[in-house]
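Spelled out, the chains give:
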Amino acid sequence: MRWLVRWIVRLVVLALLLAVVFIAPVAWVELACRGDAVARPYDPILPPADHRAESRTLLTYPEWHIVHAYDDYAEVIENGDPHEFGYFNAVKTYWTSLCALKKQASAHGGVDRSTKELVYVIGVSFSAEMALKALYEQTFGLVATLVRGDAQSPLDKLSAQQAADYATFLQQVPWYKYDFAADAAALRAAQTDNPRDLERRLALGVEYAAKAAYAGMIAAAVDTVGADELTLRMVVKGPDAAVLEGLDGLSVVEHRGNIIIVEAPRYRALTRLLIQMADRGIDLVEIAGNDDVMFTALSDQAQMADALFSFRRQGYDDYRHLFLVPVSDLMGTLRRFADGPAQVEHVHDY
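Here we summarise the structure given alongside this text. Keep in mind that this is a model prediction, so the values were computed, not measured.

### With respect to empty space enclosed by the protein
Next, step 1: The full count for this structure, using the stated rule, is two cavities of 30 Å³ or more.
Next, step 2: What lines the largest cavity is a set of 24 residues, among which Tyr73, Ser159, Ala163, Glu207 and Tyr208 lie closest to the centre.
Next, step 3: At the level of secondary structure, the elements contributing two or more residues to the lining of the largest cavity comprise α3 (61-79), α5 (113-148), α6 (154-169), α7 (180-190) and α8 (195-225).
Next, step 4: Within this model, the second largest cavity holds a volume of roughly 80 Å³.
Next, step 5: Residue assignment for the lining of the second largest cavity shows that the elements contributing at least two residues are α3, α4 (87-105) and β6 (309-312).

Have a look at this one:
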């Protein structure tokens, strides 16, 4: 019985240590990352029913950081191997960027409890996933690549394509709607006699099965509370209302003097739409009742003036920068960035 008690104690201690490791970043962000709550007054044009919390433009980034991490991972393994990806660097950047954004959010209404819970929960989940993948890929996965040799196996190439497809999918659709079972089936169908293929099928098969099960739970929870809105409303002005015609996904809600209220899709579709609108000379007055908005841009410069946070992307030879600008300046900024020094990546709605 003594050996059983010893193992139980060891497991309890290990569980406590893991809990401390994963909760520590949450405690650090919550306690150390606080800014000055000095809000600038703004009288919205849109009615309250069309408003979204302004701080959400900053706090949507952590979810997108995970999307970007999957894209970085896909880029690394396109011609390399999973053990070459910096899993812990992706985790570190998640929490440090969240800290910088939480400080900034204090002046934009602060962060509500539900949003805090969201970014903390997905942050801990992301950290745990990256830790598990690092543990496997830098041990068993690394050994499998050494046995394989330099040339990628068929399932190395297929899994790289699956990773790229998944990263693209996440730009517009929630992760829990992805068909992980189909990817697992594709691995089984494409497996060869190469030992690396067997290892990839087993390792990724377990990962896909776990994600599929978790996705089912999340989907059921979302069905209970309801999914987030897929559109938002904006106030625009331009040389002529006719320039709005033919813009995919945009619909005119109301003409009010020299301004027009429109409804537009959210997420990556919104970024593409705003770039088209900027090119047509359209300007913004307000988005979802807010006068400030954040966007990310990519540049070969390590630092850019006025960036809230900057860091190097894995798998790419460039840097990501986070900017917060007045809504009224957004379109002019998009036009300036069209010719450099950076490429606009994503406009973060709320």
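### Here's the deal with the state of the cysteines
Next, step 1: Tallying each qualifying case throughout the model produces one disulfide.
Next, step 2: Here Cys33 connects covalently by a disulfide to Cys99, the sulfurs 2.0 Å from one another. Of note, the bridge from Cys33 to Cys99 carries an S-S torsion of about -100° and is left-handed in sense. One end of the pair, Cys33, is in the loop between α1 (2-32) and α2 (56-59); the other, Cys99, is in helix α4, and 66 residues separate them in sequence. For the pair shown, Cys33 and Cys99 are each scored as buried.

### Remarks on the sheet that holds strand β7 (residues 319-326)
Next, step 1: Strand order in the open sheet formed by four strands is β6-β7-β5-β8, with antiparallel pairing between adjacent strands. Both edges of this open sheet fall to β6 and β8 (343-348), since each of them pairs with a single strand only. Averaged over all pairs of adjacent strands, the angle between their axes in this sheet comes to 25°, without regard to strand direction.
Next, step 2: With eight bridges connecting them, strand β5 (residues 292-299) and β7 associate as antiparallel partners.

Calculation rules
- Residues numbered from 1 in each chain as written.
- Predicted model: local features only at pLDDT ≥ 70, side-chain atom pairs only at ≥ 80, totals over all residues.
- Heavy atoms only, no water.
- 1 Å grid on protein atoms, 1.4 Å probe; cavity = no way out; pocket = protein on both sides within 12 Å on 5 of 7 lines; lining within 4 Å.
- Points joined across faces, edges and corners; volume = space filled by probe spheres on them.
- Helix = DSSP H or I, 4+ residues; strand = E, 2+ residues; numbered from the N terminus.
- Disulfide = S-S within 2.5 Å.
- Buried < 20%, exposed > 50% of the residue type's maximum accessible area, 1.4 Å probe, protein only.
- Pairing = 2+ DSSP bridges.
- Axes fitted to C-alpha atoms, helices over the stretch in contact; angles between N-to-C directions.

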